[in-house]
Amino acid sequence: MNGPGQDDGPGASPAALSADPVLRVRGLRTVFPGEEGTITVVDGVDVAVGRGETLAVVGESGSGKTMTFLSVLGLLPPGGRVTEGEVWFDGRDLARLDPAAMRAIRGAQIAMVFQDPLTSLNPVFTVGDQLVTVIRAHGSVGKAEARARAVELLERVHIPHPGERIDAYPHQLSGGMRQRVLIAMAIAFGPKILIADEPTTALDVTVQAQILELLEELKAEFGMGMVLISHDLGLVATHADRVAVMYAGRVVETSPVSRGFGQSRHPYTRSLYRSIPRLDTEPESRLSAIEGQPPDLARLPEGCAFEPRCFLGRGRDDCRRVRPALEPVGEDGSFSACPHWRRLPMSPEGDGARPEAGGGTPA
Ligand SMILES: Nc1ncnc2c1ncn2[C@@H]1O[C@H](COP(=O)(O)OP(=O)(O)O)[C@@H](O)[C@H]1O
Ligand SMILES: [Mg+2]
C-alpha cells in the first residue's frame, strides 16, 4: 500500500516539478481533534510553486485547500496541528520554524489574501490606519513615512484618489476596492509568494476580472510565485500555469493547465470540469453538480475517497480496497492518483469517444 508519508524520491514527486521552486511543500499532514478521534484535513500534500508561476489549487468546498495554506503560514485555527511534512521556503523549513521567525516571514515574504475583505479588514479603523500598522509591523518606519508609503501602495493597486481614500473606513468602499486594499497590504514588502484564497469569489464578474488582472500585473512586477485557490475552473484555466486538484485532504491530480481540463487524468477533475455551467449546452443540462457528497473526513473509506462518486470506479473492488498514490502520468509533468486514468476518454472535450493513443507511461 502506498502510504501518504512515503518518500518517493526526487524526480518522482510533483513537488519536485519546478526546477527551482520558491515554495515547496512535501508530505504535509494537518489534523484536528474530532469527537471520535483525530481528523486529518490535509493528508500528505505535495505542492511546489516556482518564481513567476501561478499554481492553482482547486477542489470542492471542504477539500482542504485553505487548511493546506494556513498550515504553510502557521495560521491554523485553534486545535489544528501540522504533524508531518516539510514547507521549504528560502532555504528553510517553515514547519520547523519558531513562531517569532514565522511572523517575520509571514506578511513580508509570504503574503495571503483571503476571500472576504470585510472580515479581513477591521471596521473601526480607516484603511490608512490598517495599512500603516502593517507597514510599521515589519520595519522601523515613522508614521508620516508609513502614511506616504500607504498612499503609494493604494495607488499601486489602482485605487483612484488614494490621498482621499486612505481615510475611508472599509464599509465606505466597494467590495472590489476593499479587495484592492488587502492586496496593497499583501504586497507592501514585495513578497516572494502571494497566496490568494478565493480572492474574487465575493465579487461580481467584471470586478473579478479586474482583480485578477491586478494580481497578474503585480506578479510580473515582483516576480512573485502565486497560489490561486479557487473552485472556478474557468478562472483557473485563464490565470494559472499549473493546477493541483484536491479531494478529501489529498492532491489527486496535478498537471500543467495547458493540458486542458477536458484531458485531465483523474475522474474527479473530469467531473468538476463537467459541472461547469456551459453556454453551448441546453439550459436544463447546464447545472450538473457532481453527484453525491464529499466524504466525511472522520469516516474516510479504506480505499479511494472518490470511489463512491466515481463514474469509472464506483463499486470496483480494487478502488474500494486500495488508496491510490499520486503517480506520474505521461511526459508533461502530470500526476494522477487514479490507477484507471487510461480508461478516461481523451477527446478535446473530455467526453468524446476517442481513446488515447499510446496510453501514457507503463504502470
Ligand atoms: N476550525 C476547524 N476545526 C476543525 N476542522 C475544520 C476547521 N475549519 C475547517 N475544518 C475542516 O477542514 C476541512 C478542510 O477545510 P478547508 O481547508 O477550509 O476546505 P476548502 O478550503 O477546500 O473549502 C473541512 O472538512 C472542514 O470541515
Ligand atoms: Mg477554503
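Residues numbered from 1 in each chain as written. Chains lettered and ligands numbered in written order. Predicted model: local features only at pLDDT ≥ 70, side-chain atom pairs only at ≥ 80, totals over all residues.

1. Observations regarding the confidence of the model for the protein chain
Taken as a whole, the protein chain shows an average pLDDT of 87; of its residues, 87% reach a score of 70 or greater. Considering only residues more than four positions removed or in separate chains, one finds that residues 1-12, a stretch of pLDDT under 50, has 13 contacts. A low-confidence stretch, residues 349-363 (pLDDT under 50), is modelled with 28 contacts involving residues beyond four sequence positions or located in other chains. (pLDDT = per-residue confidence, 0-100. Contact = placed C-beta atoms within 7 Å.)

2. Some points on the site of ligand 1
In the vicinity of ligand 1 lie 13 residues, with Phe32, Val41, Lys65, Thr66 and Met67 positioned nearest. Ranked by the residues each element gives to the shell around ligand 1, the list is headed by helix 1 (residues 65-73), at 3 residues. Looking at the shell around ligand 1 residue by residue, the class counts come to 5 nonpolar, 7 polar and 1 charged. (Near = placed C-beta within 6 Å. Helix = DSSP H or I, 4+ residues; strand = E, 2+ residues; numbered from the N terminus. Nonpolar A, V, L, I, M, F, W, Y, C, P; charged D, E, K, R; others polar.)

3. Things to note about the nonpolar core
In this structure, Ala184 and Val227 are the most contacted members of the largest nonpolar core, which totals 90 residues. Setting aside anything within four residues of it in sequence, one finds Ala184 in contact with Leu131, Leu153, Leu154, Arg156 and Val157. (Core = buried A, V, L, I, M, F, W, Y, C linked by C-beta atoms within 7 Å. Buried ≥ 20, exposed ≤ 12 C-beta atoms within 10 Å, placed from the backbone.)

4. With respect to the sheet that holds strand 1 (residues 21-34)
In sheet architecture, strand pairing relies on hydrogen bonds along the backbone and comes in two forms, parallel and antiparallel. Spatially, the 4 strands line up as an open sheet ordered 2-1-4-5, and their pairing is antiparallel. Of all strands in the sheet, those bounded by a partner on one side alone are strand 2 (37-50) and strand 5 (92-93). Looking at chain direction, strand 1 and strand 2 are connected through 11 bridges and run antiparallel. Within strand 2, the position partnered with Pro21 by the bridge is Gly50. (Pairing = 2+ DSSP bridges.)

5. Description of the sheet that holds strand 11 (residues 327-329)
One open sheet accounts for 8 strands, arranged 6-7-8-3-9-10-12-11; its pairing is mixed. Both outer strands of the open sheet, strand 6 (110-113) and strand 11, are each paired with one neighbouring strand and no more. Sheet twist, expressed as the average angle between the axes of neighbouring strands with direction ignored, equals 25°. In this sheet, strand 12 (residues 334-336) lies alongside strand 11 in antiparallel orientation, the contact comprising 3 bridges. Residue pairing in the sheet places Pro328 in a bridge with Phe335 of strand 12. Against the sheet, helix 1 makes contact with strand 3 (54-58), strand 6, strand 7 (193-197), strand 8 (225-229) and strand 9 (242-247), and its axis sits at roughly 145° relative to strand 8, the strand it touches most. (Axes fitted to C-alpha atoms, helices over the stretch in contact; angles between N-to-C directions.)

6. A few points about the packing of helix 7 (residues 175-186) against helix 8 (residues 205-222)
The geometry of a pair of packed helices is captured by two quantities: the angle between their axes and the separation between those axes. Here helix 7 crosses helix 8 at 15°, and the two axes come no closer than 10 Å. Put simply, helix 7 runs roughly parallel to helix 8. Read as a crossing pair, helix 7 and helix 8 show a hand that is right-handed. Contact residues: helix 7 offers Gly175, Gly176, Gln179, Arg180 and Ile183, while helix 8 offers Val207, Gln210, Ile211 and Leu214. Along the lines of polarity and charge, the residues of the contact of helix 7 with helix 8 split into 4 nonpolar, 4 polar and 1 charged. (Parallel < 35°, antiparallel > 145°, perpendicular 65-115°, else oblique. Left-handed = near helix turned anticlockwise from the far one by under 90°.)

7. Focus: helix 1
By the criterion of burial, helix 1 is predominantly enclosed, with 8 of the 9 residues buried. Downstream of helix 1 by a residue or two, Gly74 has a phi angle that is positive, lying close to 65°.

8. Re the environment of Met102
Among the secondary structure elements, Met102 is positioned in helix 2 (residues 99-105). Judged by the 17 C-beta atoms lying within 10 Å of it, Met102 is partly exposed. Expressed as a C-alpha distance, the spacing of Met102 and Leu75, which sit 27 residues apart in the sequence, is 9.8 Å. Once residues lying within four places of it in the same chain are set aside, the contact partners of Met102 are Gly74, Leu94 and Leu97.

9. Structural notes on the pairing of strand 8
Within strand 8, 5 of the 5 residues are buried, which leaves it mostly tucked inside the rest of the structure. Of the two faces of strand 8, the one holding Gly225, Val227 and Ile229 and the one holding Met226 and Leu228 are both buried throughout. Sheet topology note: the strand 3/strand 8 ladder contains 4 bridges and is parallel. Residue Thr54 lies in a different strand from strand 8, and its bridge partner there is Met226. The pairing of strand 7 with strand 8 spans 5 bridges and is parallel. Across the sheet, the residue bridging to Asp197 is Ile229, located in strand 8.

10. Thoughts on the pairing of strand 1
Extensive coverage of strand 1 is indicated by the burial of 10 of its 14 residues. Hairpin connection between strand 1 and strand 2: a loop of 2 residues separates the two successive antiparallel strands. In this structure, strand 1 lies alongside strand 4 (residues 81-89), joined through 7 bridges in antiparallel fashion. Its bridge partner lying in strand 4, Leu23 is registered against Phe89.

11. Concerning helix 10 (residues 267-274)
Most of helix 10 is tucked away: 7 of the 8 residues are buried. The complete set of buried residues in helix 10 reads Pro267, Tyr268, Thr269, Arg270, Ser271, Leu272 and Tyr273. Where helix 10 is buried, its residues contact strand 3, helix 9 (233-239), strand 9 and strand 10 (250-256).

12. A word on unusual backbone geometry
The backbone of His158 shows a phi angle near 60°, a positive value even though the residue is not glycine. Take His158: it is sitting in the loop between helix 5 (143-156) and helix 6 (162-165). Within the chain, His161 stands out as a residue other than glycine whose phi angle is a positive 50°.

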